[in-house]
Structures are given as C-alpha cells and as structure tokens.
Amino acid sequence: MRLSFQEIQEKCVSQAKALWTRARATALGQRIAALPWWHRWPTRQEWLRALVTLPVLFVLYVLLLIPFTPSISDLRKAKLEQPAQIMSADGKLIGEFKRSNRQWVPLEQISPSVVKALVATEDHRFYQHHGMDFTRTMGSVLHTLQGNPQGGSTITQQLARNLYPTEIGRARNINRKLKEAITAFKIEALYTKDEILETYLNTVPFLYNAYGIEMAARTYFDKSAAKLTVLESATLVGMLKGNAYYNPVINPDRALARRNTVLSQMVKRGELKDDEFERLKKRPMRLDFERQEEPVGMAPHFAQQLRKWLITWADQNDYNIYTDGLVVRTTLDSRLQSWAQQSVNRQMRTLQNIANTNWSHRDGWSPDNDLVLQLVRETPVYRKLVQAGSLSAEEALKKLLTDKAFMKQLRDDKTRVQAGFLAMDPRNSAVLAWVGSRDYAQDAFDHVAQARRQPGSTFKPFVYGAALRQGARPDDTRKDEEVEIKLPGGEIWRPSDAVEPTGVPMTLSDALAYSKNTITAELMQEVGVDRVIKLARALGVRQSPLEAVPALALGSSPVTLLEMVNAYGSIANAGRYTPPQLVTRIESADGQVLAEFTPPRPDEAWGEEHNYHLLEMMRTVIDKGTGRAIRKQYGIRADVAGKTGTTQGNADGWFILMHPQIVVGAWAGFNDARITLKSDQWGQGSRSALPMVGDFMSRALHSPLLNAKARFAEPNTSHWWSDFVGRLRDRMQQWGSNGSDAEDHDSPRQPPVAPHTPGTAPSVPDSNDTDITESTPALPASPAGTRTPAPDSSAPAPDADSSPGLAPADTPPAPNPSTWSDIGTALPPAAPLNAPQDAQ
C-alpha cells in the first residue's frame, strides 16, 4: 500500500520523537538536558553554525574513508590481472592460479544485445552519470520508505562491490554505501564507459563456477558471448538481480518471467520495438546447459600443494598470485607426470573391475553384510532421517536399504579404488611426478601428502637398518620359527607369516626379501623400537606419529606416501636426507628472477657403509623376493632396489622402487580402510601397487631422461682397521656355524621353504613365476584409551623455507586407533618396549 507524502512526513516525525525521548532518558541525555542553553530555542546564528558544521563533518568523514577504499593501482590490477603460471622443469605449462573460472573477452566480442539489456535494466542513465546516479538514489530511498525496497546502485557501483567485496563489504549501512560510491568515482575517473562495461561483464558471477559473460554463455547456452541472441541476453542479464532466485536451470518459471521483464525494460528505453517484444515474450526458454569445469592441469594435486606455499611466499614478499603474473618454475617433469598418470589409470581400471566383481557376490554388497549396514548408518542422509523424528533408526535403515539409487551411489563411492603415486630424484629430493588420486575432479583428496595409511612391510627396511647400525650383517642368520612377544598387561603376541615356519636358519637379507614377519618382529625386540624410530625419522619419516609398540616393525603406524618415498630417497642417496623440493625459481611476468631455490645441504642420516648394506638387502627383494615381478614381468634390468608392502586384510598395497636417479612409490586401496578388494591375490602390494611403478619405470628407463646403466655408488671402505675387524668377524662366525652344524648333524630336519645360505633361492618361492605371498598377520590388540605419542622432537619436520613449494604440514591430531586398520582389528598398545639402556 502506497503512502501519501503527508503520511510519510508524520511517520518520520513520530519516529524522530520516539528516538528523542529514548535519548533523553539515558544518563548522557539527562546531563545534556540540564545545560542552561537547552531550555531555549536555538538562535539563527546557532542554526547557521549547525547547518555549516554537519556538511563539513560529513566531508571530513568521507575524506577519512578514502584511504580505506581500493587504490587506483589496485583498480588497474583488477582489469589487467594475470594469474601465476606454473611451469614444469621442461618448460610446459602445467597450471594457472586464477581467482575464478573466467575467460576475459573484449567488449567488441560481446553481443550488443547484452549491453543494451544490461543498461536498460540496471542503469539506463549509465552514460550520463559519473559513478553515482543521485536521481535514482533518492528515488530508491523514497520507495524504501514507502515499503517497497529498491536498489539504487549504478553499474559502476555494482562493479566496485563485485571487485572488492572484502574492502567495501556487504553490510546494508551508510558506511558501505559511502565506500561503494567513493570507489565508483575512482573507477569513473580511471576507466572509460566502455571499459567499465567490459570489466563488469567479465567479472560478474553466474553460478556453477561461471564468472563473466563468456563462461555464462557457454554454461547456459553452449555458445560464445558474441553469438548470444536477444532472448539469451535478457535471460542472463535477468539473473543479475538474484542468481539463485532467477536460476533458469532450477527455477525456469521465475527466470522466464524475469527475462520478459528485461525485455519490457528494453522496450521502455527504446532498445526494442513493441511488436518484437510481443513476439519474443511468448517464446519458451531454450537452455543448453553444461557446467564448465575449471581446468585443473596435468598435476592438480601437485599444484594445490604448491598453491598453499606460494600464497605464503607471495604475502611475505608483497606479491599477489592471482594478479601479478608470477612464473613459477617447478621440478616436475611433464613427460614423467604423463607416464605416471597413464600407469595409474591403467592399473585403476584393472583393480576397479576386480572390486566390482568381488563386491557383487552374495557376501559382498548386500543388506546381510554388517559392514554395509554400518556404512548406511554413517551417511548424512541416514542421520537426517533419524534426527527428523518421523522415522525410528530401524525404519530409516530399512528405507535406505530399499532405495536402489541411494545404495548404488553409496556403493560406487565406497568401493571406488584409489591410488597415490610419487616420483622423486634421490640426489636432491626434487619431485618429478605427483598423482594424488585417480581423478582429481572425482576425488580431490591427496593420497600422496594428506592420506596417512599403514605402510605394512615397506617399513621393515628401517628395522633391518637399525640392526645393521648395531653391528648386524646382511648374511647373519635367524631361525625361521614361531615367535612370542610379551605385551604390556600380560598378553602374548604371536606374529605369523603366509607360510608355516621351517625351523631352519635364514639370512637377514632373505628375511627382508621374503618379508618374514616373525624374524622382523624378533629383530626389533633385539634392536629396540627407539632405534628404529630414530632411523626412520632421520631418513625422512618426520611428520607422522610413530607408535613405540612391537607391531611398528610390521608397519602399524600410518604414514604418508611422501614421507616414505622421501625416506627411500635418502637410502638411494647414500644415507643423506634432503627435504622434498618442488620449486626452483620464481620470475616476474617480464622474466625478472625474483627468487631462486636450491636444495639445502643434505643431513647425514647414518653411515654410508650401513646404508649400502641395507641397499644390497633391498636389491634381493627385487632379484628374488616379493618384488621380483619388476624383473620378470616388466623386464627391468637396471640397478634397482625396493620393497613391497601389504597391510592387514589387504587394505593397503604399497611398492617403492629405488634407482640411482629416481625413486618411485605407489599406494593402492580405498578411502575407507574397511573396504578391501576381497582378494588375497590382488590385494597384495606386489599385484596392486607394483604394476603402477613397473609400467612407469619401464617407460622412463627406455627414455633419455634416465640412465639405465647407472649404478648405486659403493662406499669407500678400504681402511686397514675395518678390513681387519671384518675378517675377524667372518672367522668367528665361521667357527660358530661349524659348531652349530656339528650339533645338529644327526637331528631330523623338515624340507626348507626358504634359503638358509646367502644367494640360494627358497624351495617354495622358487624361480618359477609363482607369486610370493606377502605376510600380513593380525596385529596385536590395543587396550582401550591408549593414545599415540607425539612425533620424536629430536627430528624436526621440514618447513616451507627448507622445502620450496611444499606447504608445511599441519600438526596431526592424535589418531583414532579404530580408523587405522580394517574391521575388528585394533592397533597394538602404545607402551614402549624394553629398549636397551643406551637407546633410551
């Protein structure tokens, strides 16, 4: 209902009196009322002073606001902003850091009907004012007082608000309007009218990650902005009043009505004839909708990791990664990255087919499976149904179990196989290839730097390395027999292997090659868990917590793939640790070098001789152990070493391979560790993760990028004292072995299934093509309430300064043991082992 001018005046007077009464009731108001001059009517001179003072105060306030509005240089950047470009080591563009998903087009390449519809609807006096339409502003105030709120912003004011939402704000108050007006005047002083229209149309949002008229035209009509018709232009301009409310995809009726309103405004301003309007308004909305995905580049997870670090660097050095045209030179090689992605995709297709088949069985995805029921209960849809109160928990569960679309979507999400892949140069820890998941658009979670998973047997080299450090030799023997380890609280843990123990001696080198759990667990008891953790930290596992428990020897503490590959890189680099390197140089848009980054001096993690002995042991894993498929199936004859890893229930498959010039690691599994491939054959790391590395390495070694004949450098051990000690040790071991053989000469012995002398192949895992099964025993139970200790403070984690391009890791929360392993398997207790006194 419209009010007359007199009624509006009376309403304003009554509101003013009410405010005046409340003000005088306050303590300050009463004190002012007590002043003698207050009881008389102001004189003409006092009125004149007040009339002069108020505008002066207003002008002063406006002048004070000017420094808090965007500067002219910022306005120029808004139009000419250049996103940072991420370049590979071989000069290929692998990504850009854009503020939004848009493509800038000049005004000449925008349909004239768009400009006509925009000016006629949003600001018909656009070409007459200088940033603010005072007539329209006063009109909007009157309409608002009459109960019909209207906006009075010009196109220039809207542009100011869109470009600088943080500096200007969104609050509905006089302060925001003043900032908006000041910025609008600056824009008018800097730009021509055509430049303002061009900037506005290229920055306005249109939903669905589409910014600017070009991306809007492609999203809603699958054409360029230059080809938009009058109806299509009116539809897009109509969305500007409320993108969501007038969304033509989900609210077609509202959008159609708004489109016709825009057409009527064009008629009113002389941009459209009446007869044409009558013809056009009857036409239906014809959309050709297609969401425009922002290009992610060939290494999206690498780029996202780099973005976090680059933002910090840019803030510290007064740059903007979205506008200043920075050129970031990285260590990534586009050819290796492409091969890595292809290898991951090929293996993921194979594993996904296996997962789909196995989960289709009667004991797979069905309402009879307790895991499936638990997964349904964990969904937001289930919780929402229960919280609504209309259904009981049991009724909500039954409803969802019968919803075929819901169950299919849940199954697809939960049984989607995922992977992580990383390649580094061990000589300087430069990242060469980084694949964080099988599809970034489908799953942006990074399984290289974010995901922490149990490493399984890939952690065992640290145990054997700690033993070597304490004086053990690769050809030392341990009896292949059952082992019992006492746990705090009186429990007994009996680690087991995939095959029954033989009772015959086995060298440490072969125990690692065939991934013997019993010998590894016993060996850590002898060495001490603290020494194992210390070595793992020194080599590169520096971010993730490591539990000081017996099962740590078998990889029970979750770590990241980045840490493990970095640690193996230290082994490949003669025991010298260097933090990961992602960036080599940052340049300005005109090629000026702004910063250069070189790897820091490596840390000597441990002795070069001990490191080489461990490297030789890990060669046997490839030559005859669980990783021999690298030789047999992929034909790799280069000097390589590595280790497979499989966790309990085949929840995680790992494989890491070392070469003098490259270290490659892969992980395969599911985001939910309770989901597995349901196949002991394909769940092994040698069948799930190794093929990705093998396929990648076979390509890389046949390319000029790697030297297939390169060999690991042997340490210089030609010292008379070390030679003398070595010969004496060999002699003493020979005496001991002769006595042992004499004692056991007549005792009956079972046929061996593993080698008992160095260099001999086992009986069961022989030289045929039969796979060697990775041992993945159940881990000991963890008492309730145990907590994981913090990472070893003696080994600080690398920060952004020492790792160019790598964002500093967040401090991990205390992990929840129930989420670390698969169904029904709690982790071991966190109480420390009885380590030797000098290791504590």
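Calculation notes
- The residue numbering used here restarts from 1 in each chain and proceeds along that chain's sequence as written.
- Only residues with pLDDT of 70 or above have their local features reported here, since the model is predicted, and side-chain atom pairs are shown and tallied only from 80 upward, although totals for entire chains, interfaces and linings are computed over all residues.
- The side-chain values count all of the structure's non-hydrogen atoms but skip hydrogen atoms and water molecules.
- Partly exposed describes any residue whose relative accessible area lies between the buried limit of under 20% and the exposed limit of over 50%, with all areas from a 1.4 Å probe on protein chains only and scaled to the type maximum.
- A helix here means a DSSP run of H or I that spans at least four residues, while a strand means a run of E at least two residues long, and both kinds are numbered starting from the N terminus.
- For two strands to be treated as a pair, DSSP must find no fewer than two bridges joining them.
- The axes used here are C-alpha line fits, helices contributing only the stretch in contact, and every angle between their N-to-C directions lies in the interval 0 to 180 degrees.
- Comment on the angle field: the value is read as roughly parallel under 35 degrees, roughly antiparallel over 145, roughly perpendicular from 65 to 115, and oblique elsewhere.
- The hand of a helix crossing depends on one turn: near helix anticlockwise from the far one by less than a right angle means left-handed, and clockwise means right-handed.
- Any two residues whose heavy atoms approach within 4.5 Å at even a single point are treated as in contact.
- Throughout, the ten residues Ala, Val, Leu, Ile, Met, Phe, Trp, Tyr, Cys and Pro are labelled nonpolar, Asp, Glu, Lys and Arg are labelled charged, and all others, Gly among them, are labelled polar.
- Throughout this description, a polar contact denotes any pair of N or O atoms lying within 3.5 Å of each other; where both atoms belong to protein, one of them has to be capable of donating a hydrogen while the other can accept it, and for residues adjacent in sequence the pair is counted only when both atoms sit in side chains.
- Definitions used throughout: a 1 Å grid over protein atoms alone; a cavity as a set of points that fits a 1.4 Å probe which cannot get out; a pocket as an open set with protein on both sides within 12 Å along at least five of seven lines; a lining residue as one with an atom within 4 Å of a point.
- Grid points are joined across faces, edges and corners, and a volume is the space filled by probe spheres set on the points.
- Per-residue confidence from the predictor is given as pLDDT, running between 0 and 100.

**Structural notes on the pairing of strand β15 (residues 652-659)**
In regular strands, side chains alternate between the two faces of the sheet.
Working step 1: Counting buried positions along β15 yields eight of eight residues, so the element is predominantly enclosed.
Working step 2: Taken together, the six bridges between strand β14 (residues 641-646) and β15 define a ladder with antiparallel strand orientation. Paired with Lys643 across the strands is Ile656, a residue of β15.
Working step 3: Where β14 folds back onto β15 in an antiparallel hairpin, the turn is made up of five residues, including Gly649, whose phi is positive at roughly 70 degrees.
Working step 4: Where β15 hands over to strand β16 (residues 662-670), the hairpin turn is made up of two residues, counted between the paired strands.

**Let's talk about the pairing of strand β5 (residues 430-435)**
Working step 1: Counting buried positions over the six residues of β5 gives six, a clear majority of the element.
Working step 2: Here strand β4 (residues 417-425) pairs with β5 via five bridges, running antiparallel. From the neighbouring strand, Asp425 faces β5, where its bridge partner is Ala430.
Working step 3: The antiparallel pairing of β4 with β5 creates a hairpin that spans four residues between the two strands, and Ser429 there sits at a positive phi of about 60 degrees.

**Focus: the packing of helix α5 (residues 112-122) against helix α12 (residues 230-239)**
Working step 1: The geometry of α5 relative to α12 is characterised by a closest axis approach of 8 Å and an angle of 45 degrees between their N-to-C directions. Regarding the angle of α5 to α12, the classification is oblique. Of the two possible hands of crossing, α5 and α12 adopt the one that is right-handed. Where α5 abuts α12, its residues Ser113, Val114, Ala117, Leu118 and Thr121 lie against Val230, Ser233 and Val237.
Working step 2: For the contact of α5 with α12, the per-class residue count stands at five nonpolar, three polar and no charged.

**Some points on helix α17 (residues 370-377)**
Working step 1: Taken together, the buried positions of α17 are Leu371, Val372, Leu373, Leu375 and Val376.
Working step 2: Buried residues in α17 make contact with α18 (380-388), α19 (393-401) and α20 (404-414).
Working step 3: Residue Asn369 occupies the N-cap position of α17, its side-chain oxygen lying 2.8 Å from the main-chain nitrogen of Leu371.

**A look at empty space enclosed by the protein**
Working step 1: Under the defined criterion, the tally for this structure stands at five cavities of 30 Å³ or more.
Working step 2: Considered as a void within the structure, the second largest cavity measures approximately 60 Å³ in volume.
Working step 3: Together, 14 residues line the second largest cavity, and Asn650, Ala668, Gly669, Leu677 and Ser688 are the ones closest to its centre.
Working step 4: At the level of elements, β15 and β16 are the ones that each hand at least two residues to the lining of the second largest cavity.
Working step 5: The leading source of residues in the lining of the second largest cavity is β16, at three residues.

**A closer look at the side chain of Thr676**
Working step 1: Relative to the helices and strands, Thr676 is located in the loop between β16 and α28 (685-688).
Working step 2: Relative accessible area serves as the criterion here: at 11%, Thr676 is assigned to the buried category.
Working step 3: Apart from the residues lying within four places of it in its own chain, the contact partners of Thr676 are Trp359, Gly649, Asn650, Ala651 and Phe670.

**Quick look at the packing of helix α7 (residues 155-163) against helix α10 (residues 193-203)**
Working step 1: Taken N-terminus to C-terminus, the directions of α7 and α10 make an angle of 45 degrees; their axes are 10 Å apart at the nearest point. Considering the angle they form, α7 stands oblique to α10. Crossing geometry of α7 relative to α10 is assigned as left-handed. Together, Ile155, Thr156, Gln158, Leu159, Asn162 and Leu163 of α7 and Ile196, Leu197, Thr199, Tyr200 and Thr203 of α10 make up the contact between the two elements.

**A few points about the confidence of the model for the chain**
Working step 1: Confidence in the prediction for the chain averages 82 pLDDT; 78% of positions are at 70 or higher.
Working step 2: Mean pLDDT values over the elements of the chain span from 54, in helix α30 (residues 720-743), up to 98, in helix α25 (residues 561-572).
Working step 3: Low pLDDT (under 50) marks residues 737-768, which in the prediction has 40 contacts with non-local residues, meaning those over four places away or in another chain.
Working step 4: Ignoring residues within four places in sequence, the model shows residues 811-840, a span with pLDDT below 50, making 76 contacts including any to other chains.

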